[in-house]
There are 2 protein chains.
Amino acid sequence: MLLDAAREAAAEAVGCRPDELVFTSSGTRAVHTGVAGALAGRHRIGRHLIVSAVEHSSVLHAADAHEAGGGSVTQVGVDRKGRVTPESYAGALRPDTALACLQSANHEVGTVQPVAEVAALCRDAGVPLLVDAAQSLGWGPVEGDWSVLAASAHKWGGPSGVGLLVVRKGVRFAPQGPADERESGRAAGFENLPAIVAAAASLRAVRAAAEQEAVLLRELTERIRVRVPQSVPDVEVVGDPERRLPGIVTFSCLYVDGETLLHELDREGFSVSSGSSCTSSTLTPSHVLKAMGVLSEGNVRVSLPMGTAEEDVERFLAVLPGAVAGVREKLGAPAVAATVQRDVLVVDALGKRCPIPVIELAKVIGDVPVGGTVRVLSDDEAARLDIPAWCEMRGQEYVGEEPADRGSAYTVRRVS
Amino acid sequence: MLLDAAREAAAEAVGCRPDELVFTSSGTRAVHTGVAGALAGRHRIGRHLIVSAVEHSSVLHAADAHEAGGGSVTQVGVDRKGRVTPESYAGALRPDTALACLQSANHEVGTVQPVAEVAALCRDAGVPLLVDAAQSLGWGPVEGDWSVLAASAHKWGGPSGVGLLVVRKGVRFAPQGPADERESGRAAGFENLPAIVAAAASLRAVRAAAEQEAVLLRELTERIRVRVPQSVPDVEVVGDPERRLPGIVTFSCLYVDGETLLHELDREGFSVSSGSSCTSSTLTPSHVLKAMGVLSEGNVRVSLPMGTAEEDVERFLAVLPGAVAGVREKLGAPAVAATVQRDVLVVDALGKRCPIPVIELAKVIGDVPVGGTVRVLSDDEAARLDIPAWCEMRGQEYVGEEPADRGSAYTVRRVS
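Basis of the calculations
- Residues numbered from 1 in each chain as written.
- Chains lettered and ligands numbered in written order.
- Predicted model: local features only at pLDDT ≥ 70, side-chain atom pairs only at ≥ 80, totals over all residues.
- Heavy atoms only, no water.
- UniProt positions renumbered as here; feature names shortened; annotations may be inferred.
- Helix = DSSP H or I, 4+ residues; strand = E, 2+ residues; numbered from the N terminus.
- Contact = heavy atoms within 4.5 Å.
- Domains from an automatic or database assignment.
- Buried area = accessible area lost by both parts, 1.4 Å probe.
- Salt bridge = Lys/Arg side-chain N within 4 Å of Asp/Glu carboxyl O.
- Polar contact = N/O pair within 3.5 Å; in protein donor to acceptor, adjacent residues only side chain to side chain.
- Nonpolar A, V, L, I, M, F, W, Y, C, P; charged D, E, K, R; others polar.
- Pairing = 2+ DSSP bridges.
- Axes fitted to C-alpha atoms, helices over the stretch in contact; angles between N-to-C directions.

Going by what an unreviewed UniProt entry lists, chain A is known as Cysteine desulfurase/sulfurtransferase TusA family protein and is assigned to Streptomyces coacervatus. Under the Catalytic activity (unreviewed entry) heading, UniProt states for chain A: "(sulfur carrier)-H + L-cysteine = (sulfur carrier)-SH + L-alanine". The Cofactor (unreviewed entry) comment attached to chain A in UniProt states, word for word, "pyridoxal 5'-phosphate".

A.B. asks: Honestly, the side chain of Thr308(A) in this entry has me stumped. Any pointers?
C.D. replies: Take Thr308(A): it is sitting in the loop between β10 (299–303) and α9 (310–331). Leave out the neighbours within four places in its chain, and Thr308(A) touches Leu217(A), Leu220(A) and Val313(A).

A.B. asks: Just checking my understanding: could you explain the domain arrangement of chain A for this structure?
C.D. replies: When the parts come together, some accessible area is lost, and that loss is often what is quoted as the size of the interface. Residue and element names in this part refer to chain A. Structurally, chain A comprises domain 1 (2–206), domain 2 (210–331) and domain 3 (344–413). Relative to domain 2, the C-alpha centre of domain 1 lies at a distance of 28 Å. Contact with domain 1, which involves 24 residues of that partner, is made by 26 residues of domain 2. Both faces considered, domain 1 and domain 2 share a buried interface measuring about 2,000 Å² in area, 61% of it formed by carbon and sulfur atoms. There are one salt bridge connecting domain 1 and domain 2. Across the pair Glu-236 and Arg-80 runs a salt bridge, and its minimum N-O distance is 2.5 Å. Along the contact surface separating domain 1 from domain 2 lie 10 residue pairs in polar contact (both at pLDDT 80 or more). Of the residues contributing to the side of domain 1 that touches domain 2, the split by class is nine nonpolar, nine polar and six charged.

A.B. asks: Would you mind going over the side chain of Glu55(B) with me for this structure?
C.D. replies: Residue and element names in this part refer to chain B. Structurally, the position occupied by Glu-55 is in the loop between β2 (48–52) and α3 (57–68). A polar contact is formed between the side chain of Glu-55 and the side chain of Ser-52, at a distance of 2.8 Å. Contacts of Glu-55, omitting those with residues within four sequence positions, involve Leu-60, Tyr-89, Cys-101, Leu-102, Gln-103, His-107, Asp-132 and His-287.

A.B. asks: Can you walk me through the sheet that holds strand β4 (residues 97–103) of chain B in this structure?
C.D. replies: The strands making up a sheet are joined through hydrogen bonds of the backbone, oriented either antiparallel or parallel. Residues and elements named next belong to chain B. One open sheet holds the seven strands; their spatial order is β1-β7-β6-β5-β4-β2-β3, and the pairing between them is mixed. In the strand order of this sheet, the two ends are held by β1 (21–24) and β3 (72–76), each with one partner. With direction set aside, neighbouring strand axes in the sheet form an average angle of 20 degrees. Note: β4 against strand β5 (residues 129–132), four bridges, orientation parallel. By the bridge assignment, Cys-101 is partnered in β5 with Leu-130. Relative to the sheet, helix α2 (residues 27–41) contacts β1, β2, β4, β5, β6 (148–152) and β7 (163–167), its axis offset from that of β6 by approximately 165 degrees.

A.B. asks: Sorry if this is basic, but what is going on with the interface of chain B and chain A here?
C.D. replies: Tallying the contact residues gives 24 residues for chain B and 24 residues for chain A. Approximately 1,900 Å² of surface area, both sides summed, lies buried where chain B meets chain A, with 58% of it carried by carbon and sulfur atoms. Together, Arg29(B), Pro178(B) and Phe190(B) form the three largest contributors to the area buried by chain B at its contact with chain A, with a combined 27%. In this structure, the connection of chain B to chain A is made through zero salt bridges. Inspection of the chain B/chain A interface yields five residue pairs in polar contact (both at pLDDT 80 or more). Elements with a contribution of two residues or more to the side of chain B that touches chain A: α2, α3 and α6 (193–231) of chain B. Of the residues belonging to the side of chain B that touches chain A, the class tally is eight nonpolar, 11 polar and five charged.

See the structure below:
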């Protein structure tokens, strides 16, 4: 009875029938099961899968597994705001497309995706759309005529260990893996009843407050969006300024090591995230920032939970400029331009990690005359992204990249 | 740090290295991941899997999935006590055997399996053994040189939503499904940290009390084993009388509808389980009782949790005889023998469900002379199991089964 009641409450919040919804053991599991089941349900149509380039890693890993198993995958790109266009999904659809996936909103930069439009054109093509609604379900139901939906309770402030998987009636779905009689055969294992009840109750509670909280958080994140570039030089705020989640704001700081900045902010009592390569175990920048083509160095993601106090945001805004300046000073970031001028200048940044290659570039760009070039040698993966992004921010011309003895050579022409 | 501490505590209880143990979202998930990963790790050796016939459904479902994917499966049978022999595992091993699975103890009848012996002979053959330790891990570590182990926290009194999967160093293991960086890539999804911490803490607490509790519960279940057949006529206690779990005792009552008996006991405040066909949605008896070849009708499984009071067991023993008698009376079970004597008698029990076919047989067996036969027509799956079991209990001769126009005809010769 508790399970039924939780299912009804969750289904009401999603906007689906209770028998379309099962509880999984996590959002990741909901995505993996949803993608595999939807693909298997339509394997006679074909094995082509469409995902956006900025999906959560659980979706991209499911796509990798599909590709490793002989399927084909199209990644749809995004603009500099992190948003896909319905046209790019339309262009990716093929006669053998079994499934398309699109997040409701991005987990790193908060950009809201045009799910309803993409769902409509998928529907016209007879292709089901799986929506990863992990970021947005606490704020409201996902609009549009989607077919499969996945979400995660801890993302809306509920307990760990509960995900939602919704499969609309009429969608062909074949659960993979060993059979299990529980949760319509879509979520094996003993139901985690206390957590499921808490998940449904918290979703209901969060939704009751969502409208009012969204207004408050939107105002606070807008304050960060506007004031960080005013108080910190050389910052790029990323993500869509309008179509965005209320509580997430992300920016990148030129000439800053994300890891060091996070430590500085942590010491001040602020726990933030980063998509910089220097904060990840893989030494590559976040695939989201990469797909957007924006600066990834010194990246800071601020997630404001419901109920965040204005004072805390004000204190963050007060602390940030000093923290960034401190890191830049430590790294020897350029403050004044050098004076020696040569037509071509080579900067050897081999073995140096983000943000050093860009700092070295910035230090010497003033050393060549307008029209002259700087060639940066770097074997850091992040340079491939950050040197063009720096050019864009600085109005310099990015000429291109070529292989070098070690790493790559990136050529930049001084324009101004 | 909490996750590391929980992992160390759980590993100590299991008797493994912390880096060999991951937390999954359920025991079922641990079994599914363990079986699939171990099979994939050795797919070059072959695709043969060995399981016992009395494994938990999660293991059997994993075996079914393996078979559906083109693998081969050998089910090793058990004796009437529910126990496998090491010899039968030795006989099932083949050059292409990738994995063998054996439970540490049976979940329905409590019989403890010879895991150490089976592990040793698997080791000699170079075949990894996966142990489903769900039933016994709270009582102590699993002995022997096993390779993979799965368990479930809620079975030892811990929270739902946590399973353990242990893969010994050196065992070839290839996790299946989409990649995930968490839990060594063996358990996708956000870690359910509160539940994991509670699981490790409860395992430690349960273990501290296990030795003393085992003595108490063993005495209480022994009391049920001895006294139920004394106070209730026509009862078969099932499972190994010696090598068994401390807290489980199971018996079957002839001429009793398991569902009705469970309701009667529930009204008296006792929540018990049953492996009878009439209590399952599939209308077939438990695969465990079936594999053991024991009576499945009127089956009752009593699970005593740690801390069970002696008075509760005494009250159960006081209530049971009346409850069974009441059900038997309702069903018209035989009390006195009939008098008409014929050499061959046909009982039409078509369309009648367990335990009616056996009741009808018992009613008329006295109507044929010694040496005469009764032919029972039945289309109930449970009759195939329960008519031979009744013959064994009653010292009558079970002649055999043949197909009839509808269902089967079961022939029984009166011996005494």
